[in-house]
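Observations on the model geometry
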Amino acid sequence: MGRLRVSARLATITLVVFAIIAASTAVGWVVAGDSATPADDEPDIGAVTSALAVVRQVKSLADAATVATHAGMTAETLAESRASMDAEIEALYEQLDALQSAGHSQAAATIRELTNELVQRSAEIERRRLALAEVRRESERRRQEIIAMTNWELVPASVASEDDVFYGLITDRSDAVAPDDLLRYSRLALMTQQVDQGSVLLEVAARQSDIAFIATVEENVDLVMYQLEDSIDVFAEDPHPDLEPTLIPLARELVDGAYGEANMIDMMKIRLGLAAQEARDIAAVDGTVAALQAEATAFLTQAVDSVGSVDGYLGIADVLNAALAADQHVGAVAAVATARSAPTTPLGDLPAVRDAAAADLSGIRQHLEVLEGAGHGDAVVGLYSAVDGLQSNVDAIHDGRAELVEALQSAAGQRAQLRAFFDYQLRPAVVSSLDNQLYYMLTGRSEFADGGASGAGPLSREELVRYRHLALIFNPLFRTFSGLIIAIIISEPTLIAEAEERFATAAHRLESSIAYLEQEGGSEVHPQLVPLARQFIAFGNGDANFFDSLRHRLPLIAQEAELIESSRQATLALQAGIDTLLDDVLSDAATLDPDANEPDARVIVLVIGIVAAIATLLMAAEVARRRDPESV
């Protein structure tokens, strides 16, 4: 078989045709590629932006809705707050509409349902705020009004009346004290104590924050006010010339503080009822927000991952994930760094809490390093100092937390100890001594005397003086007790002087009467009264007294509060910096051409095709030249 002979002209034509086909194919690829790029290759930056906006707006709404109502909230400030919340709600729904329009209908519907629940619960809280703020203001106004009236008018009038009646009895030149005069003085001494105790109980009602104690406070107020009303009726029917003219009207005004038109008991019930409802609503909002944040965060994570799956956008997704992870760590640290110590804080859990905070702080730094390595060094350089400050604050909080918790637990133990001592030892001893002394003066019998009866004759001045000192111990007991309670529960350093002054004034009156009864008490006085009274005073001025504990405790509380505020500012700065970085990254990503710096593969194909065509033509020309010598 012979060799196939191909003419030069045929070879040239064949090669030219193949070159044209190759070039045409390359050009077709370019044209088709430029006119119909698949939509799946475009990242959904808008979904990330909307999801991030939803997360932020939910947090903002939650912060506004879960603020406890206070007396400083007025109709004007509440209206401004509601207008701001309405704007946040409107913006939130706009973002959900954008998500739904972009094809994320299922996620948008789930988040919208939870958002509707959040808006409804928030509206319930806002609807009751004004009433709660007003009753708080009115309660505080009435408290100050009653305190001023009692301390500056009623108590002085009662004490002056008691002193004048006693002076009349002790200076009477008759052989004996008449029983009616003794009973009048006894009732007046009791009335002074009733006034003091009643005013303090009304103050307790105004300051009460636990709805569980409403019945206890009301019961105590009813008991004291019943006794006070009985004393008022007695003196109103049988006035005595030594009584201050303002005593009865002022005493009735105090009773009105418990039962009048604007009384402290009704306001306490209304205030605590509204506050308890608000606490329940806030707890419900917290639950809704947790679910809403979980859904929004899950969708945000999904949207960021979707961006990362697009060619050229993996780096953008890594930056977004690093920033979001850093923000989550900041939130976790903030929860620890802004939590106040309490007597119930478990000391055994403190090391684990500290380790968790340290891990979160380390996580923040690691993600900031990722962001810095991705070219965002200028944005994160200022955040490192905030992290360092937050680290320092968290360490300082944890360094002092054990000591503060122990101090708070000690205060709680002191309160329980004082309450038991006062209710079950001291007060019964004073009351029984007072009753027994009066009974002895009227009948000549004493339950503490050996043999029961002493066969006393006419009432002596000595017995009257003894009764007077017992009354002087009884009257300031409740004020002294309340001064000690204040020393246990207060957290404001400015109130230390007030508590000490209240205690010192009452304790001074106790001291002089205790000294007298120690020498002249007689068998009518409870045998444990004097040592119990001295122990009672030692709670306020003895070794390791309540005020020393208070002076130790309050600086610890103040130091923690300062560190917590500093931590709050640091976390706000970190979150603001991360938010700014996220916004910048998303803004850049929305206009990014991931292939701007890379050669187009289709152009390469075209170039190769052209080069191949030229090479083919050159080869064809060369073949033709060799086959056809005449063409040379």
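Residues numbered from 1 in each chain as written. Predicted model: local features only at pLDDT ≥ 70, side-chain atom pairs only at ≥ 80, totals over all residues. Heavy atoms only, no water.

Once that is clear, we can look at the overall build of the protein. Along its length, the protein carries 16 helices and zero strands. Counting only residues that meet the buried cut, the protein has 41% of its 632 residues in that class. Long-range contacts, defined here as pairs at least 24 residues apart, represent 83% of the contacts in the protein between residues at least 6 apart. Taken as a whole, the protein presents about 32,100 Å² of accessible surface, with 55% of it coming from carbon and sulfur. (Helix = DSSP H or I, 4+ residues; strand = E, 2+ residues; numbered from the N terminus. Buried < 20%, exposed > 50% of the residue type's maximum accessible area, 1.4 Å probe, protein only. Contact = heavy atoms within 4.5 Å. Areas by Shrake-Rupley, 256 points an atom, 1.4 Å probe, with all protein chains shown as cover.)

Before going further, it helps to spend a moment on the packing of aromatic side chains. Working definition: an aromatic ring pair is given by the centre-to-centre distance plus the angle between the planes. Applying the stated criterion across every chain yields a total of eight aromatic pairs. With a centroid separation of 6.1 Å and an interplanar angle of 65 degrees, the aromatic rings of Tyr-185 and Tyr-467 are classed as edge-to-face. Pair noted here: Tyr-185 is in helix 5 (residues 179-207) and Tyr-467 is in helix 11 (residues 461-474), with a separation of 282 residues, a long-range link. The residues Tyr-185 and Tyr-467 share a single accessibility class, namely buried. With a centroid separation of 5.6 Å and an interplanar angle of 55 degrees, the aromatic rings of Phe-503 and Phe-547 are classed as tilted. Of the two residues, Phe-503 sits in helix 13 (residues 496-520) while Phe-547 sits in helix 15 (residues 546-590), which places them 44 residues apart along the sequence. Taken together, the ring pairs connect Phe-421, Phe-422, Phe-481, Phe-536, Phe-539 and Phe-546 into an aromatic cluster. (Phe/Tyr/Trp six-rings, centres within 6.5 Å; stacked < 30°, edge-to-face > 60°.)

Before going further, it helps to spend a moment on the packing of helix 2 (residues 45-65) against helix 4 (residues 105-170). Between helix 2 and helix 4, the shortest axis-to-axis distance is 10 Å and the interhelical angle comes to 20 degrees. It follows that helix 2 is roughly parallel to helix 4 by the angle criterion. Of the two elements, helix 2 crosses helix 4, and the hand of that crossing is left-handed. Where helix 2 abuts helix 4, its residues Val-54, Val-58, Leu-61, Ala-64 and Ala-65 lie against Ile-111, Leu-118, Ser-122, Ile-125, Glu-126 and Arg-129. The residue inventory of the contact of helix 2 with helix 4, partitioned by class, reads eight nonpolar, one polar and two charged. (Axes fitted to C-alpha atoms, helices over the stretch in contact; angles between N-to-C directions. Parallel < 35°, antiparallel > 145°, perpendicular 65-115°, else oblique. Left-handed = near helix turned anticlockwise from the far one by under 90°. Nonpolar A, V, L, I, M, F, W, Y, C, P; charged D, E, K, R; others polar.)

Side chains bearing opposite charge may pair, as long as their charged atoms lie close to each other. All chains considered together, the criterion is met by 32 salt bridges. Where Arg-129 meets Glu-278, a salt bridge forms, and the shortest distance between an N and an O atom there is 3.4 Å. On the criterion of sequence distance, the pair formed by Arg-129 in helix 4 and Glu-278 in helix 8 (residues 264-308) is long-range, its members being 149 residues apart. According to the relative accessible area criterion, Glu-278 is buried, its value standing at 8%. For Asp-163, the salt bridge identified is with Arg-468, shortest N-O distance 2.5 Å. Residue Asp-163 is located in helix 4, and its partner Arg-468 is located in helix 11; the two are separated by 305 residues in the primary sequence. (Salt bridge = Lys/Arg side-chain N within 4 Å of Asp/Glu carboxyl O.)

The next point concerns the nonpolar core. Residues Met-191, Leu-254, Leu-418, Leu-426 and Phe-536 are the most contacted members of the largest nonpolar core, which totals 94 residues. Sequence-distant contacts of Met-191, that is, excluding residues within four places in its chain, are made with Ser-158, Leu-228, Ser-231, Ile-232, Phe-235, Leu-247, Ile-248 and Ala-251. In this structure, Leu-96, Ala-108, Ala-322 and Leu-368 belong to the second largest nonpolar core, which totals 64 residues. (Core = buried A, V, L, I, M, F, W, Y, C linked by side-chain atoms within 4.5 Å.)

The next point concerns helix 12 (residues 477-489). Taking 1.5 Å per residue, 13 residues should reach 18 Å; helix 12 reaches 18 Å between its end C-alpha atoms and fits that length. Buried within helix 12 are the following residues: Leu-477, Phe-478, Arg-479, Thr-480, Phe-481, Ser-482, Gly-483, Leu-484, Ile-485, Ile-486, Ala-487 and Ile-488. (Expected span 1.5 Å × (residues − 1).)

Turning to the side chain of Asp-360, a few remarks are in order. Tracing the chain through its elements places Asp-360 in helix 10 (residues 350-443). Here Asp-360 is buried and forms no salt bridge, its nearest opposite-charge partner Arg-365 lying at an N-O distance of 11 Å. Look past the residues within four positions of Asp-360 in its chain and what remains in contact with it is His-329, Ala-332 and Val-333. (Lys, Arg positive; Asp, Glu negative; His and termini not counted.)

Turning next to the packing of helix 10 against helix 11. The N-to-C vectors of helix 10 and helix 11 enclose an angle of 155 degrees; their axes lie 10 Å apart at closest approach. As the angle between them shows, helix 10 and helix 11 are arranged roughly antiparallel. Seen from above, helix 10 lies across helix 11 with left-handed handedness. Here Arg-427, Val-430, Val-431, Ser-433, Leu-434, Gln-437, Leu-438, Tyr-440 and Met-441 of helix 10 come into contact with helix 11, specifically with Glu-463, Leu-464, Arg-466, Tyr-467, Leu-470, Ala-471, Ile-473 and Phe-474.

Attention shifts here to helix 15. Between its first and last C-alpha atoms helix 15 spans 64 Å; for 45 residues at 1.5 Å apiece the expected length is 66 Å, and the two agree. Measuring from the backbone nitrogen of Phe-547 back to the side-chain oxygen at the start of helix 15 gives 2.8 Å, which picks out Asn-545 as the cap. (Polar contact = N/O pair within 3.5 Å; in protein donor to acceptor, adjacent residues only side chain to side chain.)

Our next topic: the confidence of the model for the protein. This prediction gives the protein a mean pLDDT of 83; 84% of its residues lie at or above 70. By mean pLDDT, helix 1 (residues 8-35) is the weakest element of the protein at 48, and helix 7 (residues 247-259) is the strongest at 95. Throughout residues 26-39 the model reports pLDDT below 50, and contacts reaching past four residues in sequence, or to other chains, amount to ten contacts. Per-residue pLDDT stays below 50 along residues 451-456; that stretch engages in ten contacts with residues further than four places along the chain or on separate chains. (pLDDT = per-residue confidence, 0-100.)

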